[in-house]
Amino acid sequence: MRCGFHNELSIFLAVLLNKNVYIFGYSGHSFVVLDTMVKLNMNVLGYFDFQQCSDSMNIYDLDYKGNEQNENLNLLVHSNFVFPTVGDNKIRRKLVDFFDKENLSQFALIDPNAIVSKKTIIESNTFVAPGAIINSKVVIKKGCIINSGAIIEHECVVGAFSHIAPSAVLTGNVKIGENTLIGANAVVLPGVVIGSNVIIGAGAVVTKNVPDNSKWVGNPLRML
């Protein structure tokens, strides 16, 4: 799904709010996602995970439905929506690949306390957390996390299954590849291109292009 916020997405959410949702993954990041689902009055029917969580971790009192290999999965999720609530980029990609293979109903999730330009494209299975700001002509590919308080300025592109961590800033016209993590409070300067499978450490200041498959930290930026 590709959608421009607010017009097309608001219509889509009006339909979505009449549907039930199953989440895949139930710890850590999922709690933030579930907070947003509660705000939007979504009906979360249960969770799939590789194992059942403890009672103390089940803070939303959700029913455990097994893992994605559950032979009754298609019966359970038929005519309902699914959403990946896993912070790890690689695992999230595997889940979305599975959703695609099974032709499950998917959507983008945007917290009502995020600020998102109506001239932005946000693809399915992406989560935009509370306090995030996404400005005009931004493209967020599928399966991304735009975390709490992150700022994405005009004309940026964030590749599929990437994670922009809390309070990270992408200034104008930044390009991010797939499966990349921009750490908390990191700043990427205008026009910088960051490749795929990259890790930018927390608080780093990225002033130059960064190649694929690399790890960078600090200010001034240095490669590990």
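Below or above, wherever it landed, is the structure these notes cover. All of these numbers come straight from a predicted model, not from anything done at the bench.

About the thresholds
Residues numbered from 1 in each chain as written. Predicted model: local features only at pLDDT ≥ 70, side-chain atom pairs only at ≥ 80, totals over all residues. Heavy atoms only, no water. Pairing = 2+ DSSP bridges. Helix = DSSP H or I, 4+ residues; strand = E, 2+ residues; numbered from the N terminus. Core = buried A, V, L, I, M, F, W, Y, C linked by side-chain atoms within 4.5 Å. Buried < 20%, exposed > 50% of the residue type's maximum accessible area, 1.4 Å probe, protein only. Contact = heavy atoms within 4.5 Å. Expected span 1.5 Å × (residues − 1). Phe/Tyr/Trp six-rings, centres within 6.5 Å; stacked < 30°, edge-to-face > 60°. Lys, Arg positive; Asp, Glu negative; His and termini not counted. Salt bridge = Lys/Arg side-chain N within 4 Å of Asp/Glu carboxyl O. Polar contact = N/O pair within 3.5 Å; in protein donor to acceptor, adjacent residues only side chain to side chain. Axes fitted to C-alpha atoms, helices over the stretch in contact; angles between N-to-C directions.

Describing the sheet that holds strand E21 (residues 205–206)
Pairing is parallel in the open sheet, where six strands are placed in the order E6-E9-E12-E15-E18-E21. Each end of this open sheet is capped by a strand with a single partner; those strands are strand E6 (115–116) and E21. Summarising the sheet, E6 and strand E9 (residues 133–134) pair through two bridges and their orientation is parallel. The residue of E9 that forms the bridge with Ile115 is Ile133.

Focus: the nonpolar core
It is characteristic of soluble globular proteins that their nonpolar side chains tend to be buried jointly. Ranked by size, the top nonpolar core spans 33 residues in total, and within it Ile152, Leu170, Ile182, Ile194 and Ile200 carry the most contacts. Not counting residues within four places of it along the chain, the set of residues in contact with Ile182 comprises His163, Ile164, Ala165, Ala168, Leu170, Ile176, Val188, Ile194 and Ile200. Core analysis: the next-biggest nonpolar cluster, separate from the first, contains 19 residues, Phe31, Met42, Phe127 and Ala129 among them.

Points about helix H4 (residues 89–102)
An α-helix turns once every 3.6 residues. As a result, residues three or four positions apart point the same way. Taking 1.5 Å as the rise per residue, H4 with 14 residues should run 20 Å; its terminal C-alpha atoms sit 20 Å apart, in good agreement. Every buried residue of H4 is accounted for by Asn89, Arg92, Leu95, Val96, Phe98 and Phe99. Looking at the buried side of H4, the elements it contacts are strand E2 (20–24), helix H3 (73–77), strand E4 (81–84), strand E11 (145–146), strand E14 (163–164) and strand E17 (181–182).

As for the packing of aromatic side chains
Within this structure, the stated rule accounts for nine aromatic pairs. With a centroid separation of 4.9 Å and an interplanar angle of 70°, the aromatic rings of Phe24 and Phe99 are classed as edge-to-face. On the criterion of sequence distance, the pair formed by Phe24 in strand E2 and Phe99 in helix H4 is long-range, its members being 75 residues apart. You'll find Phe24 and Phe99 in the same group, each marked buried. Chaining the aromatic ring pairs together yields one cluster made of Tyr22, Phe24, Phe48, Phe98 and Phe99.

Quick look at helix H2 (residues 29–39)
Among the residues of H2, those classed as buried are His29, Ser30, Phe31, Val33, Leu34, Thr36 and Met37. Phi for Asn41, located one or two positions after H2, is positive at around 60°.

Digging into the side chain of Arg92
As for its position among the elements, Arg92 is in helix H4. Buried and unpaired, Arg92 has Asp88 as its nearest opposite-charge partner, separated by 6.7 Å. Of the polar contacts made by the side chain of Arg92, one reaches the backbone oxygen of Val86; its length is 3.0 Å. Dropping the residues within four chain positions of it, Arg92 is found in contact with Pro84, Val86, Gly87, Gly143, Cys144, Ile145, Phe161 and Ser162.

Some thoughts on the sheet that holds E2
One open sheet holds the three strands; their spatial order is E3-E2-E4, and the pairing between them is parallel. Two strands in the sheet have a free side with no partner beyond their single neighbour: strand E3 (43–48) and E4. On average, each strand axis in the sheet is inclined to that of its neighbour by 30°, with strand direction left out of account. Of the strand pairs in this sheet, E2 and E4 are connected by four bridges, and their pairing is parallel. Across the sheet, residue Val21 finds its bridge partner in E4, namely Phe81. Contacts from H2 reach E2, E3 and E4 within the one sheet, and its direction differs from that of E2 by about 175°. The strands touched by H4 within the sheet are E2 and E4, with E4 carrying the most contacts at an inclination of about 160°.

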